[in-house]
Amino acid sequence: MTAFFQSAGLPFEAAWLLATVAGILLIAFPVMLAVAIVIYFDRKIWAAMALRKGPNVVGPFGILQSFADGLKVFLQETIIPSAANKGLFLIAPIITFTVALLAWAVIPFSATAILSNINVGLLYILAISSLGVYGTVIAGWSSNSKYPFFSAMRASAQMISYEVSIGFILICVVLWAGSFNLDTIVQAQKGHVFGIVNGFVANPLLFPMWVMFLISGMAETQRAPFDLTEAESELVAGYQTEYSSMAFALYWLGEYANVLLMCALNAVLFWGGYLPPLDIPVLYAVPGLVWMLGKILFFFFIFSWVKATVPRYRYDQLMRLGWKVFLPVSLAWVVIVSGYLMITGHFA
Amino acid sequence: MIQLIAFYLFATLATAAGALTILARNPVHSVLWLIVAFFNAAGLMVLVGAEFIAMLLVIVYVGAVAVLFLFVVMMLDIDFAELRAGFIRNFPLGFALALVLLMELVLGAGAYKAGALKLGTPDGSATAAAGASNIEAIGALLYSRYLFLFEAAGLVLLVAMVGAIVLTHRQRSGVRGQNVARQNARRPDEATHNVSPEVGKGVTL
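Note that the structure is a prediction, hence the values are computed from the model and not measured.

> Would you take a moment to explain the UniProt feature "transmembrane region" (unreviewed entry) in chain A for this structure?
Residue and element names in this part refer to chain A. In the numbering used here, UniProt assigns the "transmembrane region" (unreviewed entry) feature to residues 15–41, 88–115, 121–141, 162–180, 192–215, 249–271, 283–305 and 325–343. In residues 15–41, the share of helix is 100% and the share of strand is 0%. The end C-alpha atoms are 38 Å apart. Note that residues 88–115 is 54% helix and 0% strand, and that its end C-alpha atoms are spaced 31 Å apart.

> Where do I start with the packing of helix 3 (residues 51–73) of chain B against helix 5 (residues 134–142) of chain B in this structure?
When two helices pack together, their arrangement is given by the angle between the helix axes and the distance between those axes. All names here are of chain B. Orientation of helix 3 relative to helix 5, taken along the N-to-C sense of each, is 85°, at an axis distance of 8 Å. Here helix 3 is positioned roughly perpendicular relative to helix 5, judged by the angle of their axes. Residue-level inspection shows Glu51, Phe52 and Ile53 of helix 3 in contact with helix 5, the latter providing Asn134, Ile135 and Ile138. Considering only residue class, the contact of helix 3 with helix 5 consists of four nonpolar, one polar and one charged.

> Which parts of the structure should I look at to understand the pattern of salt bridges?
Between side chains of opposite charge, pairing is possible as soon as their charged atoms come close. Applying the stated criterion to the full structure yields seven salt bridges over all chains. Of the charged contacts, one joins Asp42 of chain A and Lys307 of chain A as a salt bridge, the two residues approaching to 3.2 Å between their closest N and O atoms. Highlighted residues: Asp42 of chain A in helix 2 (residues 12–49) and Lys307 of chain A in helix 11 (residues 288–309), separated in sequence by 265 residues. Each member of the pair Asp42 of chain A and Lys307 of chain A is classed as buried. Where Glu198 of chain B meets Lys201 of chain B, a salt bridge forms, and the shortest distance between an N and an O atom there is 3.6 Å. A single burial state applies to Glu198 of chain B and to Lys201 of chain B, both of which are exposed. Residues joined by salt bridges that share partners form a network here, namely Asp42, Arg223 and Lys307 of chain A.

> Teacher, can you tell me more about empty space enclosed by the protein here?
If you roll a probe as big as a water molecule over the atoms, it shows you where there is empty space left. All names here are of chain A. As enumerated under the stated definition, the model contains two cavities of 30 Å³ or more in all. No other element matches the five residues that helix 10 (residues 245–270) contributes to the lining of the largest cavity. Among the residues forming the lining of the largest cavity, the class breakdown is six nonpolar, seven polar and two charged. By volume, the second largest cavity amounts to about 60 Å³.

Rules and cut-offs
For every chain, the first residue of its written sequence is number 1, and the numbers climb from 1 along that sequence. Chain labels run from A onward and ligand labels from 1 onward, assigned in the order the entries are written. Side-chain atom pairs in this predicted model are given and counted only at pLDDT of 80 or more, local residue features only at pLDDT of at least 70, and totals for whole chains, interfaces and linings cover all residues. With hydrogens and water set aside, each side-chain value is computed from the structure's full complement of heavy atoms. UniProt positions are given in the numbering used here, feature names are shortened, and annotations may be inferred rather than shown by experiment. Secondary structure elements are taken from DSSP: a helix is a run of H or I of four residues or more, a strand is a run of E of two residues or more, and numbering for both begins at the N terminus. Axes here refer to lines fitted to C-alpha atoms; in helices the fit is confined to the stretch in contact. Angles between the N-to-C directions go from 0 to 180 degrees. Any angle from 65 to 115 degrees is called roughly perpendicular, while one under 35 is roughly parallel, one over 145 is roughly antiparallel, and all others are oblique. By definition, residues are in contact when any of their heavy atoms lie within 4.5 Å. Polar here means any residue other than Ala, Val, Leu, Ile, Met, Phe, Trp, Tyr, Cys and Pro, which are nonpolar, and Asp, Glu, Lys and Arg, which are charged; Gly is therefore polar. Salt bridges are defined as contacts in which a side-chain nitrogen from Lys or Arg sits within 4 Å of a carboxyl oxygen from Asp or Glu. Classification of residues uses two cut-offs on accessible area relative to the type maximum, computed with a 1.4 Å probe and protein chains only: under 20% is buried, over 50% is exposed, and between them is partly exposed. Two kinds of site are reported from a 1 Å grid over the protein atoms alone, namely cavities, where a 1.4 Å probe fits but cannot get out, and pockets, open sets with protein on both sides within 12 Å along at least five of seven lines, and residues are called lining when an atom falls within 4 Å of a point. Grid points are joined across faces, edges and corners, and a volume is the space filled by probe spheres set on the points.

Written as structure tokens, this is what we have:
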């Protein structure tokens, strides 16, 4: 895109700046729009599984429901509790929202559509996603109220627990792909199994890792059945109890943007990203962007499905799953995968 | 030009955040300023081309260590009067520590000036060659030349971890833990049973 702006007669620095800003907007606006649509999908899927109709009043099939909600929230009064730590109380939702958008910078939407194709893309995503917990923790502490505080405690313990196993799962993928660059990881999956199936997920050694990644992803995004930070039966609404108006909406948007990011990561790391499912020339006629978005939507359906059908975990069960099941299994799997790769001479 | 602006931005913010870390009255604010300082340090690392170190700094320090700090500090019940009393008592020790750190800084700067340390030069001539990935370079060095030191560091960490567990672990009596196997083995038909009691009689469970 820099070349495009340069051809308009701009010097390199100005063209680069314009291209980067344009790239950021080209990602951020569609993500925000997708979040609005996806909230509608989520409610529709949830309703269908509960044999209800879901939102069906605003616009055709209720598709404008999210925008109506957004408008309503926008017109509400922002309430700041008098005992709250005012600055931090207002910064917390901004952190959640910003961090949810930041990670999209390295996601390859198609072979050419990456904002920044950096060498440490996967580490960047890990770094950014580990920041997400601060929005929750700071909100819980600065609200100066007991339910948000409990929620903040839960959130910090939960995020740390599942990041450990996610790290080990990603190491398996990185070992096989030989790179931390997300685009290289996608390319490494081309014709991965029998030279015809695109995607690490069809590999018997990596399939269990994908299952664990999906579950850890749900815990990492604090989605049902691991939504203990906002367990309404125990904690009112958790860390967002004291929030209203746009501050609340920022949490809402950030949460769904994070869920979409997790779906995108599932697609990129295990399901071949923007590659078609099979390595057949005919399938490459469909643009990579379509495959990528289709995969993201497919994983979002799985997330909604789980939310609609699985009851919430107890906190001790959550911790047990993270530390006593996922951590040892993923650690053993790193040894198994690297051992297999050494024997078969993958690194030679 | 952009690099220069970015360097001064990160450097100023890192220093300011570091100062605010020790000046903030509230420990939670201190931890949050510390996170800002970590962030700007990571930005400086990116500027010198060490993107791997930068990401590790954010993942390890911001993502894990600072979260644990916050976890503890948030639960503190702070008594500012007591804190000030401790300040007078601990002042000599703190002052001595600060002096030692200052001396180390001066020594380090002196060694660098005298050419004893081969660090990157300000014009960037000693940075990694473009195209060579940070991770590969560090890995190749760490697992060949410094393998023993690397493993030894891992062993030290393991010993520290075991030590921390041994020091804090205590056997408590009367704790009813979760028996997961039994919970999983439980079936609906043994968990519920139908009774039809007479009116006013009630049931014993």
